[in-house]
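Coordinates in review
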Amino acid sequence: MPLNDSFLQELKYKTDIEDIISTYVTLKRRGATLVGLCPFHNEKTPSFTVYPETQSFYCFGCGAGGDAVGFIRKIENLDYMDAVKYLAERAGMQMPADGFDDSLSKRRRRVLEANRAAAKFFHSCLLSDGGKTALDYYLNRGLTRKTITKFGLGYAPQSFDALIKHMKAKGFTVSEMLEAGLIRKNDRGCYDNFRNRVITPIIDVRGNVIAFGGRVLDDSKPKYINTGDTLAYKKTNELFGLNFAKDSGKSSIILCEGYMDVIAMHQAGFTNAVAGCGTALTAEQVRLVSRYAREVILAYDADEAGQKALQKAIQLFKQTDIKIKVPVLQYGKDPDEIIKKVGAEKFGGMLEGASSDLEFKILELRKRHSLNTTQGKIDFVNDVIKILGEASPIEKDLYVSKLSDELGVEKRTFNAQLEAYMKRKSRSDKRVGYKNIINDSIRQNARITYDSGTSVKKYKAEERLIYLLIKYPDCFKLLGDFNAESLSGGFIRKLFGLICENIANGADTDITNFGDRLTADECGRYSGILARGKESTDSKEEFSDCMKVISEEYDKKFSKSASEMNDDEFRKAFGNT
């Protein structure tokens, strides 16, 4: 059941998109708009733009866009109705009794309820007689019963249907269990997804159990099984342990690789530790860390895989304002092992002595070069200059002074070589930038032509027509006998219909009124049309011109008889009608 217009309008007036987005993104004012680094993709140059006048946002880099509801929907991984509820609670508004009957929202809530029930079941199994082996596994790894309870650790029995039977008794259907990723189905029927494994529940910052990680107790494969993406969980958006770390009272977050590392650190007193839920750190997870801390300590494993992951993490965090620290971990390959070997105090000393990402890179570079030889010094300087090329002016000056004294190289010579490298890099970056702009434009035009089965000229006329209809609703009167079938199928025709319907009913045409009928991607395309659009000096004449271009291009499409067309031409001509 859709939300009523009066509620949506009140929510719109009580919600300032700048306030909402600025809690997630550092925004800088640029004229009538605000810009920042997009939280939805990696970028170094801000392309994420907020438009206070229209209470909307759009990223010119990845195409994400929408209103405040759309932003919360995307960044918090919520469905439409839950995003509305989130903002309504923030604004002190009650959801209308007749406006929260969304089936997708209900399904998501049932997934969360099922996960909570499953977590209680797994925990009770761990503490039962049948869970002794699993409990001993945790105790032998140094965990206390208090820690086991705090993290809700559990055990999934060997049985193929123990969880299914329990969940059915609690009133959950097979389809709900499948949707939560708790069970699987094959030709012979349904069976528990997690069997004979120790279980770690993953809890979000709102306290919801959103997923599980399961580890075998023997040598069977696969060693780990994790919940796949569901209505309540997307692994690229979540951090394990953040529900506790956000309340640690510390301005830093320790980011490591594994669940057991996080649990061991929390038990040792490092309650600001978290870990990614996927195999590789994502921009969404970096954004989450940046939201809750001013500094991140990257305590990655000391093995080769961990160090590769560390380098990627450094690059991702350098695109934010957060301060990066990297400790040199010793006496073990990961935090869990180190704490067991040398204790929390010594591990804490390693964290205290963590260096900046720049200093860490230079320290790692030193290990690869022999600074006792002339050639070793030359190679080191050539490599270190590439690292300093990414540093701030102050960092460049300090490190050049320090290294020139240490290596016996004149500072003037060092700076000259650094300056020459920066000029070459700048020229190279510009060439790559121009090439990317050209390639993006070519790809966009090719995609438009292929996806819509129409010419770029017609597509641009359609976008302009939509923009004029939104900004100048009086143009609606000019439509007359305009054939909506002449528009490209899919999104354009859908949006045109929604806008015309609202104008005919005297309703607004801003994105807030369409949020429940457009997907997140479609909201982005809507916002893109507004972001790229320019004010018109004669909207009605321009609108008439757009209709003429669209009609003429549509007529051209059928000017060639079907019998004269090859297969590709036939598909383009008739595939979207």
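A brief look at the structure comes next. Residue indices follow the written sequence of each chain, beginning from 1 at its first position. Local features in this predicted model are restricted to residues whose pLDDT is 70 or higher, and side-chain atom pairs enter the listing and the counts only when it is 80 or higher, whereas totals over whole chains, interfaces and linings include all residues. Water and hydrogen atoms were dropped before computing side-chain values, which therefore reflect all heavy atoms in the structure.

**Here we look at the sheet that holds strand E5 (residues 65-66)**
Through backbone hydrogen bonds, the strands of a sheet pair up, either in parallel or in antiparallel fashion. If you walk across this open sheet you meet the five strands as E1-E2-E3-E4-E5, and the pairing is antiparallel. Strand pairing shows two members of the sheet lacking a second neighbour, strand E1 (28-30) and E5, which therefore form its edges. One bridge is not enough; two strands pair if DSSP finds at least two bridges between them. Only DSSP runs of H or I reaching four residues or more are called helices, and only runs of E reaching two or more are called strands; each is numbered from the N terminus.

**Considering the pattern of salt bridges**
For this analysis, a salt bridge means a side-chain nitrogen from Lys or Arg found within 4 Å of a carboxyl oxygen belonging to Asp or Glu. Taken as a whole and assessed by the stated rule, the structure comprises 29 salt bridges. Residue Glu176 pairs with Arg110 through a salt bridge whose shortest N-O separation is 2.9 Å. Here Glu176, found in helix H9 (residues 174-180), pairs with Arg110, found in helix H5 (residues 103-126); they are 66 residues apart in sequence, far enough to count as distant. Each of Glu76, Asp204, Arg206 and Arg291 takes part in salt bridges that share partners, so that together they form one network.

**Here's the deal with unusual backbone geometry**
Of note, the bond from Lys221 into Pro222 is cis; its omega dihedral lies within 30 degrees of zero at -5 degrees. Within the secondary structure, Pro222 sits in the loop between strand E10 (209-216) and strand E11 (224-226). Non-glycine residue Tyr331 carries a positive phi angle of around 70 degrees. As for its placement among the helices and strands, Tyr331 is situated in the loop between strand E16 (323-326) and helix H14 (335-342).

**Thoughts on the sheet that holds E11**
Strand order in the open sheet made by the four strands is E6-E9-E10-E11, with antiparallel pairing throughout. The sheet is open, and its two edges are formed by strand E6 (154-156) and E11, each paired on a single side. Within the sheet, the average angular offset between the axes of one strand and its neighbour, ignoring direction, is 30 degrees. One ladder, built from seven bridges, connects strand E9 (residues 197-203) with E10; its direction is antiparallel. For Ile199, the partnering residue across the bridge sits in E10 and is Gly214. When checking whether two residues touch, look at their non-hydrogen atoms; a contact exists if any pair is within 4.5 Å. Angular values range over 0 to 180 degrees, each being the angle between N-to-C directions of two axes fitted as lines to C-alpha atoms, with helices fitted over their stretch in contact. The sheet contacts of helix H6 (residues 132-140) involve E6, E9 and E10, and relative to E9 the element is tilted by about 65 degrees.

**A few points about the layout of surface pockets**
Of the two site types, the cavity is a set of points on a 1 Å grid over the protein atoms alone where a 1.4 Å probe fits but cannot get out, and the pocket is an open set with protein on both sides within 12 Å along at least five of seven lines, each lined by residues with an atom within 4 Å of a point. Grid points are joined across faces, edges and corners, and a volume is the space filled by probe spheres set on the points. The computed volume of the second largest pocket comes to approximately 980 Å³. Contributing to the lining of the second largest pocket are 34 residues, with Tyr224, Glu257, Gly258, Tyr259 and Gly276 lying nearest its centre. Counting only elements with at least two residues in the lining of the second largest pocket, the list comes to H6, E9, E10, E11, helix H11 (259-267) and H14.

**Examining the pairing of strand E4 (residues 56-59)**
Here's how the labels work: a residue is buried when its accessible area is under 20% of the maximum for its type, exposed when over 50%, partly exposed in between, all with a 1.4 Å probe on protein chains only. The alternating pattern of E4 places Ser56 and Tyr58 and Phe57 and Cys59 on opposite faces, both of which are buried. Relative to E4, strand E3 (residues 48-51) runs antiparallel, the two sharing four bridges. When the bridges of E4 are listed, Thr49 appears paired with Tyr58. As consecutive antiparallel partners, E3 and E4 are separated by four residues, and within that stretch Gln55 has a phi angle of approximately 55 degrees, a positive value. Between E4 and E5, which pair antiparallel one after the other, the connecting turn spans five residues, and Gly63 there sits at a positive phi close to 85 degrees.

**Quick word on the packing of aromatic side chains**
In this scheme Phe, Tyr and Trp rings, the latter by its six-membered ring, pair at centre separations within 6.5 Å, and the angle between planes marks the pair as stacked below 30 degrees, edge-to-face above 60, and tilted otherwise. Scanning the model with the defined rule gives 20 aromatic pairs in all. Consider the rings of Phe57 and Phe71, whose centres lie 5.5 Å apart with planes at 85 degrees: the pair is edge-to-face. One end of the pair, Phe57, is in strand E4; the other, Phe71, is in helix H3 (residues 68-75), and 14 residues separate them in sequence. In this structure, Phe57 and Phe71 share a single accessibility class: buried. Centroid distance Phe151 to Phe244: 5.1 Å. Interplanar angle 75 degrees. Geometry classified as edge-to-face. One end of the pair, Phe151, is in the loop between helix H7 (145-150) and E6; the other, Phe244, is in helix H10 (residues 242-245), with 93 residues separating them in the sequence.

**A few points about H11**
Across the nine residues that make up H11, a large majority, eight, are buried. Within the sequence span of H11, burial applies to Tyr259, Met260, Asp261, Val262, Ile263, Ala264, Met265 and His266. Taken from the residues just after H11, Gly269 is the one with a positive phi, measuring 105 degrees.

**A few points about the environment of Leu351**
Tracing the backbone shows Leu351 in helix H15 (residues 344-352). For the pair formed by Leu351 and Ile297, sequence separation is 54 residues and the distance between their alpha carbons is 7.5 Å. In contact with Leu351, other than residues within four places in its own chain, are Ile254, Phe270, Ile297 and Pro327.

**With respect to the state of the cysteines**
Each disulfide consists of one covalent bond between the sulfur atoms belonging to two cysteines. Any two cysteine sulfur atoms within 2.5 Å of one another count as a disulfide. As enumerated under the stated definition, the model contains zero disulfides in all. The thiol of Cys500 is unpaired, and the distance to the nearest cysteine sulfur, on Cys475, comes to 11 Å. The exposure class assigned to Cys500 is buried, which follows from its relative accessible area of 12%. With no disulfide of its own, Cys523 has Cys62 as its nearest cysteine by sulfur position, at a separation of 14 Å. Exposure remark for Cys523: the relative accessible area of 4% places this residue in the buried category.

Treat this as a map of the structure, not an account of what it does.
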